[in-house]
Amino acid sequence: MKTGFIGLGAVGGKLAGNLLNNGVGLTVHDLDASRVAEFVAKGATAGESAAQMMRECDVVITSLPSPAASNAVLTEMLPEMRSGKTWVEMSTTDPALIVEQSERVAQTGATCVEAPVSGGCHRAATGNISIFAGGERAGFETVLPLLTILGRNVLHTGEIGSASQLKVMTNYLATANLLTLCEALTTMKAAGLDMATTYEAIRISSGNSFVHETESQLILSGSRDVDFAMDLVQKDIGLFQELAETHNVPLEISPQIIALIKDGQDRYGQSAQSDRMIERLEEATGLSVRADGFPTELVDDEPPARGTEVVIKR
């Protein structure tokens, strides 16, 4: 399959790089010409536009920062879509929007597969990230060979929209976990406990999580750079809140999380790194929640391997 990739940002650049590193012939496009140039230097072909890429490729993958950006790119590609063409949307987007977009794609005879990722930018670079894929089974199987290069665990979630709903849910859970870890680490610091010991206590206990094993390390090292900004967090948790409201679920914690992230944005900037939320508590207490020996950036030390489809136990 001749493959195109649009959106070479924090996540998209790593995903596209993983395809290129695994021998996939790739045409790439981004509004930042310097990012395209980096890929061309590694063997990719520069795409002129989204329309040209859809016209010349069998599959076009997008990884974009917002639902608005996704819609703008799709509008450009639609006139070039027809039977045999596939659009794989890997952005974290509005579940209702992707359903509407897939209907527009279907009218052209082309196929739409939504495939948001989860697991952190550091795992996107190695192909060890997880992928939720929504869409008809036939379309999913068409692009599965590409998805198993891009991700270690590939889960077919069902109809279009299901993957995006699950993705915003997981990002909501990760954000809630980040905020509780900030409170836990600060409270232990205030109580006089050693931070390295605290980290290990959480890691080996029922309080452990993926967020702790990754983001707590960046908090304690002082880096606070998880490569995921607060504006993206706010987008995702806002989409989860909208989903709950659509289905008349009276959430209580979610509105508080949205307000806390908003406060972090007001203090540190709309696009400040999300791990800087710890600094709200550091400022309130006068404490420095740091420890020696922790990394300043995350590195995926799991050996890259071809991914597989996750089989659902029923």
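Heads up: the structure comes first, above all this text.
Here goes a summary of the coordinates provided. Computed from a prediction, not measured in an experiment: that's the story for all the values here. (Residues numbered from 1 in each chain as written. Predicted model: local features only at pLDDT ≥ 70, side-chain atom pairs only at ≥ 80, totals over all residues. Heavy atoms only, no water.)

### As for the overall build of the protein
For the record, the criterion: Here a helix means four or more residues in a row that DSSP labels H or I, a strand means two or more in a row labelled E, and each is numbered from the N terminus. Our radius of gyration is a C-alpha quantity, and the globule rule it is checked against amounts to 2.2 Å times the number of residues to the power 0.38. We get accessible surface area from the Shrake-Rupley algorithm with a probe of 1.4 Å; when it comes to residues, only the shown protein chains can shield them. When charges are counted, neither His nor the chain ends are considered; positive counts come from Lys and Arg and negative counts from Asp and Glu. Charged groups are reduced to one reference atom each: NZ for lysine, CZ for arginine, CG for aspartic acid, CD for glutamic acid.
Assigned secondary structure in the protein consists of 13 helices and 10 strands. The C-alpha radius of gyration computed for the protein amounts to 20 Å, which stays within 12% of the reference 20 Å derived for 314 residues, consistent with globular compactness. Expressed along its principal axes, the backbone C-alpha trace of the protein runs to roughly 65 × 45 × 40 Å. In the structure as shown, the protein presents an accessible area of about 14200 Å², 53% of it carried by carbon and sulfur atoms. For the protein, the separation between the mean place of its 24 positive charges and that of its 40 negative charges on side chains is 3 Å.

### Let's talk about the environment of Leu 166
Filter applied, for reference: In what follows, residue pairs with any heavy atoms lying within 4.5 Å of each other are defined as contacts.
By secondary structure assignment, the location of Leu 166 is in helix α8 (residues 162-190). Residues Leu 166 and Phe 240, 74 residues apart in the sequence, show an inter-C-alpha distance of 9.2 Å. Each residue touching Leu 166, except ones within four places of it in the same chain, is listed here: Phe 132 and Thr 157.

### Points about the pairing of strand β5 (residues 86-89)
Our working rule: Each residue gets one of three labels from its accessible area relative to the maximum for its type: buried under 20%, exposed over 50%, partly exposed in between, using a 1.4 Å probe on protein chains only. When DSSP finds two or more bridges between a pair of strands, those strands are recorded as paired. Note on handedness: a crossover is taken as right-handed if, strands pointing away from the viewer, the path from the first strand over the helix to the second is clockwise.
Judged by which residues are buried, β5 turns out to be covered on both faces: Thr 86 and Val 88 on one side and Trp 87 and Glu 89 on the other are all buried. The pairing of strand β4 (residues 59-62) with β5 spans four bridges and is classified as parallel. Bridging from a neighbouring strand, Thr 62 pairs with Glu 89 of β5. For the crossover from β4 across helix α4 (residues 67-77) to β5, the handedness is right-handed. The β-α-β motif built from β5, the intervening helix α5 (residues 95-106) and the parallel element strand β6 (residues 111-114) has right-handed crossover chirality.

### Observations regarding the nonpolar core
Here is the rule we go by: By nonpolar core we mean a set of buried residues, namely Ala, Val, Leu, Ile, Met, Phe, Trp, Tyr and Cys, connected to one another through side-chain atoms within 4.5 Å.
Counting residues in hydrophobic clusters, the biggest one holds 31 residues, and the most contacted among them are Phe 5, Leu 19, Met 90, Ile 131 and Leu 147. Mapped by element, the contributors of at least two residues to this core are α1 (12-21), β2 (26-29), α2 (33-41), β4, β8 (129-134) and α7 (137-150). Among the elements that line this core, the one with the most residues is α7, at seven residues. If near-sequence neighbours (up to four positions away) are discounted, Phe 5 is found in contact with Gly 12, Leu 15, Ala 16, Leu 19, Leu 26, Thr 27, Val 28, His 29, Met 53, Ile 61 and Ser 63. Ranked by size, the runner-up nonpolar core spans 28 residues in total, among them Leu 179, Met 195, Val 211 and Ile 257.

### Section: the pattern of salt bridges
Convention followed: Salt bridge criterion: a side-chain nitrogen from Lys or Arg within 4 Å of a carboxyl oxygen from Asp or Glu.
Counted by the stated rule, this structure contains 19 salt bridges. As a salt-bridge pair, Arg 280 and Asp 263 come within 2.7 Å of each other at their nearest N and O atoms. Here the residue Arg 280 occupies a position in helix α13 (residues 278-285), and Asp 263 occupies one in helix α12 (residues 253-268), the gap between them amounting to 17 residues. Residue Arg 276 pairs with Glu 279 through a salt bridge whose shortest N-O separation is 3.0 Å.

### So, α8
As a reminder, the rule being used: Multiply 1.5 Å by the residue count of a helix minus one, and that product is the helix's expected span.
Across its 29 residues, α8 extends 43 Å between first and last C-alpha, which sits within 8% of the 42 Å expected from 1.5 Å per residue. Where α8 ends, the next residue or the one after it, Gly 192, has phi of about 90°, a positive value.

### Focus on helix α9 (residues 195-203)
We apply this condition: In this description, one arc is meant: the one made by directions from the helix axis to the C-beta atoms. Polar contact criterion, stated in full: a pair of N or O atoms within 3.5 Å, where within protein one must be able to donate a hydrogen and the other to accept it, and residues adjacent in sequence count only if both atoms are side-chain atoms.
Among the residues of α9, Met 195, Thr 198, Tyr 199 and Ile 202 are the ones counted as buried. Relative to the axis of α9, the buried residues are bounded by an arc of 100° and lie together on one face. For α9, the capping residue at the N-terminal end is Asp 194, with a side-chain oxygen 3.2 Å from the backbone nitrogen of Ala 196.

### Here's the deal with the pairing of β4
The side-chain alternation of β4 yields two buried faces, one formed by Val 59 and Ile 61 and the other by Val 60 and Thr 62. Bridge count between strand β1 (residues 3-6) and β4: four bridges; the pairing is parallel. Of the residues in β4, the one forming a bridge with Gly 4 is Val 60.

### Details of the environment of Asn 208
Within the element layout of this structure, Asn 208 appears in the loop between α9 and α10 (210-221). On a C-alpha basis, the gap between Asn 208 and Asn 177 in space is 9.9 Å, while along the polypeptide they are 31 residues apart. Contacts of Asn 208, omitting those with residues within four sequence positions, involve Ile 202, Arg 203 and Glu 213.

### Overview of the packing of aromatic side chains
Note the following rule: In this scheme Phe, Tyr and Trp rings, the latter by its six-membered ring, pair at centre separations within 6.5 Å, and the angle between planes marks the pair as stacked below 30 degrees, edge-to-face above 60, and tilted otherwise. Comment: the charge-over-ring label is applied if NZ (Lys) or CZ (Arg) is within 6 Å of the ring centre and within 35 degrees of the ring normal.
Taken as a whole and assessed by the stated rule, the structure comprises two aromatic pairs. Centroid distance Tyr 172 to Phe 240: 4.3 Å. Interplanar angle 15°. Geometry classified as stacked. Taken together, the residues Tyr 172 in helix α8 and Phe 240 in helix α11 (residues 230-246) connect sequence positions 68 residues apart. Here Tyr 172 falls in the buried class, since its relative accessible area comes to 11%. Judged by its relative accessible area of 14%, Phe 240 is buried. Centre to centre, the rings of Tyr 199 and Phe 294 are 5.1 Å apart; their planes meet at 70°, and the pair counts as edge-to-face. Linking Tyr 199 in helix α9 with Phe 294 in the loop between α13 and β10 (308-309), this pair joins segments that are 95 residues apart in sequence. Residue Tyr 199 is classed as buried on the basis of its relative accessible area of 5%. We note Lys 42 situated over the ring of Phe 39; from NZ or CZ to the ring centre the distance is 5.9 Å.

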